[in-house]
Amino acid sequence: MAKAKTSFFCQSCGHSAPKWLGKCPSCGEWNTFVEELVEASNHPAEVWKTKGSPKSAAKPKLLNEVSFENLPKLTCSDSEFNRVLGGGIVPGSLVLIGGEPGIGKSTLLLQLLGGAKGSSLYVTAEESAQQVRLRADRLGAISPDLWLLPEMSLPNIIAAIDKISPSLVVIDSIQTVVDPDLGSSPGSVVQVRGCAHRLVQEAKRRNISVVLVGHVTKEGGLAGPRVLEHVVDTVLSFEGERHNALRLMRAAKHRFGPTNELGLFEMTEAGLVGVPDASQLFLTDRRTGVPGSVVVPTIEGQRPLLVELQALTNQVSASVPARRSAQGLDQGRLSMLLAVLERRARISLSSHEVYASVVGGVKLTEPGADLGMCLALVSAVSNIPLPADLVVIGEVGLAGEVRQVGHLARRLNEASRLGFTQAIVPASAPDIQSGCTIRRASTLNEALALAGFTTNG
C-alpha cells in the first residue's frame, strides 16, 4: 500500500515544491502555496503517464498538407452563445465557463442541453437530481435525449460517458469533481489539474464537446490553478449584477475563433433569453433633457452598441475631500479625464463630488467613450442638458486632442437606425455617409463649443 505524503502546490500556476515557499519560482506570485495530500505512487505526473496516454506518437506533416477546411461545429440552440463561440462548439474541445454564484451559469447550460441535437449529459456534482429536474421544468428544458448524472467521482463520470456516448457533456462544476487515484481533497490544485487533464484526453479521444463550470474567487478570477485555463480550448466569462436582468458573456480565450465577441442575455422568469437588439434595451428607460446624460456608440466585438453615460456632480466644502466614483468605467480613466478638463478646458471639478456611470450594467473599456464622458461631466456641472438626438464619439488625449476611433461607420449607422440625427466625431475621422449630421472636433474645447458650452481654454 502506498504511503501518503504531502507536497506544496502554487494555487496560481500549479508548481509543486517539497516545502512552503513565499514566492512561486514559476509564476512569481506571493503567498500562493498550499499543502496538499498526495499518494507516493500516484503523483499527478505518473497518473498523466499511465492514464489515457496515446498508443503511438503523432507523425510530422508539412504545413501546406494540413487541411484548413472549416471545423465542424455543434450549433447550440442559443444564438448569443453561438455568437461568442464563433458559430458553435467544436467537437473534441473543452469550454470553461466561469461566473459569480447565482449569476445563471447552470440555468444557461441546462437550457442549452435542453435544446441540443443528439444525446447530451449533464453531470451535477453540486445539486441533487430533484433540484435539477425542478429547474428544468421551470425552464422548459426537458428533452428525451438529455441524461442527468448526480456524481462527483471522475471514473464514474467517464463510465457514464462510455455508456451513453453523448455528443455534449456539461460538468457542473470542475472544482467538485474528484479522482480517487489522486489522493487529495476536492477543489485542491492536484484534483483540479489532474481531472482537467483527464477530461481533455477523453474529449479528444472521443471527439465530444465538454463544457466545464468553474468557480470564481472574490477578485473575479477563476478559482484553482492557472493551468486549468491553459489546458482548455475556450474560457468564457459570464458577467452581470444579480440585481440587474442583463447578463454578458465574453471569451477570454478561444482557440477556434476571435475573443472580441459579446453575448447578451436577459434573465426572465422563463430563464435566460438572448438580446438581439441590445442598443434598444439599453436606451429604453432613458430620460431626455436631463443634464449629465449622453449617448455613446461603442463596439463590442463585431456588434455596435449604443449606451448611455451619466454623470452627476455635487459641490462640497473645502474641508471635505471630493469623492470620485465610477461604475462601469475605469476609475483611473475618469481621474485622467477630470485632469484634462481642468488643465486644457479650464473647467475645475476639484471641489465637486463626481459620480459617473454606464447605464444598464455594461462595462466600457474602450477609449472611444472619453469625449462623451467629458461632455457629460461638463453638462452635469453646468446644469445644461445635451441635445437628445446627439451621440458623441472620440478618444481624448492628455494634450486635449480628440483622437480617431475604429469602426466609425458602423457606430453612426447604428445611431441613425435608432433615430439620432447629430454626431460629434474626431476631425481626423474619414468621410462617412450616414443619417447623422456629422460635426468634427480636433480638440476637447472645440467639441465643447459644438455642444453649446463655453470654456476658458
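Residues numbered from 1 in each chain as written. Predicted model: local features only at pLDDT ≥ 70, side-chain atom pairs only at ≥ 80, totals over all residues. Heavy atoms only, no water.

Draft legend 1. Region of the structure containing the nonpolar core. Core analysis: the biggest nonpolar cluster contains 49 residues, and L264, L371, M373, L375 and I424 have the highest contact counts within it. Ranked by residue count, the leading element in this core is helix α10 (residues 370-382), at eight residues. Sequence-distant contacts of L264, that is, excluding residues within four places in its chain, are made with E80, L246, R247, L248, V273, G274, V275, A278, F282, R303 and L305. (Core = buried A, V, L, I, M, F, W, Y, C linked by side-chain atoms within 4.5 Å. Buried < 20%, exposed > 50% of the residue type's maximum accessible area, 1.4 Å probe, protein only. Helix = DSSP H or I, 4+ residues; strand = E, 2+ residues; numbered from the N terminus. Contact = heavy atoms within 4.5 Å.)

Draft legend 2. Molecular detail of the pattern of salt bridges. Taken as a whole and assessed by the stated rule, the structure comprises 19 salt bridges. In this structure, R250 and E239 form a salt bridge, with 2.8 Å as the shortest nitrogen-oxygen distance. Of the two residues, R250 is situated in strand β10 (residues 246-254) and E239 in strand β9 (residues 234-239); the sequence distance between them amounts to eleven residues. Classification of E239 as partly exposed rests on a relative accessible area of 22%. Note that R333 is salt-bridged to E395, the shortest N-O span being 3.8 Å. Taken together, the residues span a long stretch of sequence, with R333 in helix α9 (residues 331-344) and E395 in strand β18 (residues 395-396) at a distance of 62 residues. (Salt bridge = Lys/Arg side-chain N within 4 Å of Asp/Glu carboxyl O.)

Draft legend 3. How the structure looks around the side chain of K105. Structurally, the position occupied by K105 is in helix α3 (residues 105-114). One buried charged side chain, K105, makes no salt bridge at all; its nearest oppositely charged neighbour is D172, positioned 6.7 Å away. Side-chain polar atoms of K105 contact the backbone oxygen of E100, separated by 3.2 Å. Not counting residues up to four positions away in its chain, the partners in contact with K105 are I97, G98, G99, E100, V213, G214 and F238. (Lys, Arg positive; Asp, Glu negative; His and termini not counted. Polar contact = N/O pair within 3.5 Å; in protein donor to acceptor, adjacent residues only side chain to side chain.)

Draft legend 4. Spatial organisation of the packing of α3 against helix α4 (residues 129-139). Two elements in contact, α3 and α4, have axes separated by 10 Å at closest approach and are oriented at 70 degrees. The angle between α3 and α4 falls in the class roughly perpendicular. Crossing of α3 against α4: the hand is right-handed. Contacts between α3 and α4 involve S106, T107, L110 and Q111 from the former and V132, R135, A136, R138 and L139 from the latter. Here the contact of α3 with α4 is composed, by residue class, of four nonpolar, three polar and two charged. (Axes fitted to C-alpha atoms, helices over the stretch in contact; angles between N-to-C directions. Parallel < 35°, antiparallel > 145°, perpendicular 65-115°, else oblique. Left-handed = near helix turned anticlockwise from the far one by under 90°. Nonpolar A, V, L, I, M, F, W, Y, C, P; charged D, E, K, R; others polar.)

Draft legend 5. Region of the structure containing the environment of G400. By secondary structure assignment, the location of G400 is in the loop between β18 and β19 (402-403). By relative accessible area, G400 is classed as buried at 3%. Taking the C-alpha atoms as reference, G400 lies 29 Å from G361; in sequence the two are 39 residues apart. Setting aside its immediate chain neighbours within four residues, G400 contacts V340, R344, T443 and L444.

Draft legend 6. View of α3. Across the ten residues of α3, nine count as buried, placing the element largely inside the fold. Residues K105, S106, T107, L108, L109, L110, Q111, L112 and L113 constitute the buried set of α3.

Draft legend 7. Highlighting unusual backbone geometry. With an omega of 5 degrees, the peptide bond running from D172 to S173 counts as cis. Mapped onto the fold, S173 is located in the loop between β7 (168-172) and α6 (189-206). Within the chain, N207 stands out as a residue other than glycine whose phi angle is a positive 60 degrees. Tracing the chain through its elements places N207 in the loop between α6 and β8 (209-214).

Draft legend 8. Region of the structure containing the sheet that holds strand β4 (residues 94-98). Strand order across the open sheet formed by nine strands is β6-β5-β7-β8-β4-β9-β10-β11-β12, with mixed pairing between neighbours. Looking along the sheet, the strands with just one partner apiece sit at the ends: β6 (146-149) and β12 (271-274). Across the sheet, the mean angle from the axis of one strand to that of its neighbour is 25 degrees, orientation sign disregarded. (Pairing = 2+ DSSP bridges.)

Draft legend 9. Here's a closer look at the packing of helix α5 (residues 154-164) against α6. Closest axis-to-axis distance for the α5/α6 pair is 12 Å, and the angle between their directions is 10 degrees. Our classification of the angle between α5 and α6 gives roughly parallel. Contacts between α5 and α6 involve L154, I158, I161 and D162 on the former and, on the latter, C195, R198, L199, E202 and R206. Counted by class, the contact of α5 with α6 contains five nonpolar, no polar and four charged residues.

Draft legend 10. Highlighting the confidence of the model for the protein chain. When pLDDT is averaged across the protein chain, the result is 87; 91% of the residues are at 70 or more. In the model, residues 40-54 has pLDDT below 50 throughout and makes 17 contacts with residues more than four positions away in sequence or in other chains. (pLDDT = per-residue confidence, 0-100.)

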